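If you want the building blocks of each chain, they are given just below.
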Amino acid sequence: MAAIVIVLAVIFALAVLPQMWVKRVIAAHDAERADFRGTGGEFARHILDEMKLGHVKVEETDAGDHYDPEAKAIRLMPKHFGGRSLSAVVIAAHEAGHAMQDASGYPPLEARTRLAKQAIRAEKVAAIVMLAAPIVMALAKAPHFLIIEVSVGVMIFALSILLHAVTLPVEYDASFRRALPVLEAGRYLEDKDMPAARQILRAAAFTYVAAAAMSLLDVARWLRVLRI
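Residues numbered from 1 in each chain as written. Predicted model: local features only at pLDDT ≥ 70, side-chain atom pairs only at ≥ 80, totals over all residues. Heavy atoms only, no water.

S.K.: It is not clear to me how the sheet that holds strand 1 (residues 57–60) should be interpreted in this structure. Could you clarify?
M.R.: The strands making up a sheet associate through hydrogen bonds between their backbones, and the pairing can be parallel or antiparallel. As summarised here, the arrangement of the three strands in space is 1-3-2, forming an open sheet in which the pairing is mixed. Here the strands that pair on one side only, and so sit at the sheet edges, are strand 1 and strand 2 (66–68). The average undirected angle you get between the axes of adjacent strands in this sheet is 25 degrees. Where strand 2 meets strand 3 (residues 73–76), three bridges bridge the pair, whose relative direction is antiparallel. Looking at strand 3, one finds that His66 is bridged to Arg75. Seen against the sheet, helix 2 (residues 40–50) touches strand 1 and strand 3 and runs at an angle of roughly 170 degrees to strand 1. (Pairing = 2+ DSSP bridges. Helix = DSSP H or I, 4+ residues; strand = E, 2+ residues; numbered from the N terminus. Axes fitted to C-alpha atoms, helices over the stretch in contact; angles between N-to-C directions. Contact = heavy atoms within 4.5 Å.)

See the structure below:
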């Protein structure tokens, strides 16, 4: 019993701490800056136009900062779309980095887009499979069906974790091979802001690792509910 508690505690820490760190880094630099000439949304538009990517839209969303390769749109949270903070500007640059990847036909981004769709389907299937497990066992009166059902569900959730994890190189490329060079070459930020900008870019890239960790926590929750 003690071993199970320790394992669950470790999984909880791995799932929650990355999320907390990402949020803390971004929040630490969310203060409005009077010296910034534009909002995050305006900055994203400026970078896209400079890169001859005028067809890419910049939109406001409540669904989290992201780039949609199918809609060819950068979507920013309201505080980043309309804010004049360091976080708003740097996150806008990060998402513009994804638009640059898309425009250049960056293979890992194309693979990530396909994998992301599969991950969404896998999570839905996993939830159905694991919810059905106790019912199947009761109807069939065969405990081994429960083991099979749960094993399938766990494997599907594990696939989701893997799919999130393999996107990390895509995120780091958007942050440090696309966004950071643009910020440095354009002298959009003062030298004193660059260390914090790098930290924000790292947090933006780490968002998917945090998502993978939360998927791991979902697996642990299901196993606990089913008493496996």
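The discussion continues.
S.K.: Help me understand the packing of helix 4 (residues 86–103) against helix 7 (residues 168–186), please; the structure alone is not making it clear to me.
M.R.: When two helices pack together, their arrangement is captured by the angle between the axes and the distance separating the axes. For the pair helix 4 and helix 7, interaxial distance at closest approach is 8 Å and the crossing angle is 110 degrees. In this view, helix 4 runs roughly perpendicular relative to helix 7, as classed from their interaxial angle. Remark: the crossing between helix 4 and helix 7 carries right-handed chirality. Residues Val90, Ala93, His94, Gly97, His98, Met100 and Gln101 of helix 4 pack against Val170, Glu171, Asp173, Ala174, Ser175, Arg178, Ala179, Val182 and Leu183 of helix 7. Residues that form the contact of helix 4 with helix 7 fall into these classes: eight nonpolar, five polar and three charged. (Parallel < 35°, antiparallel > 145°, perpendicular 65-115°, else oblique. Left-handed = near helix turned anticlockwise from the far one by under 90°. Nonpolar A, V, L, I, M, F, W, Y, C, P; charged D, E, K, R; others polar.)

That's the geometry; what it means functionally is another story.
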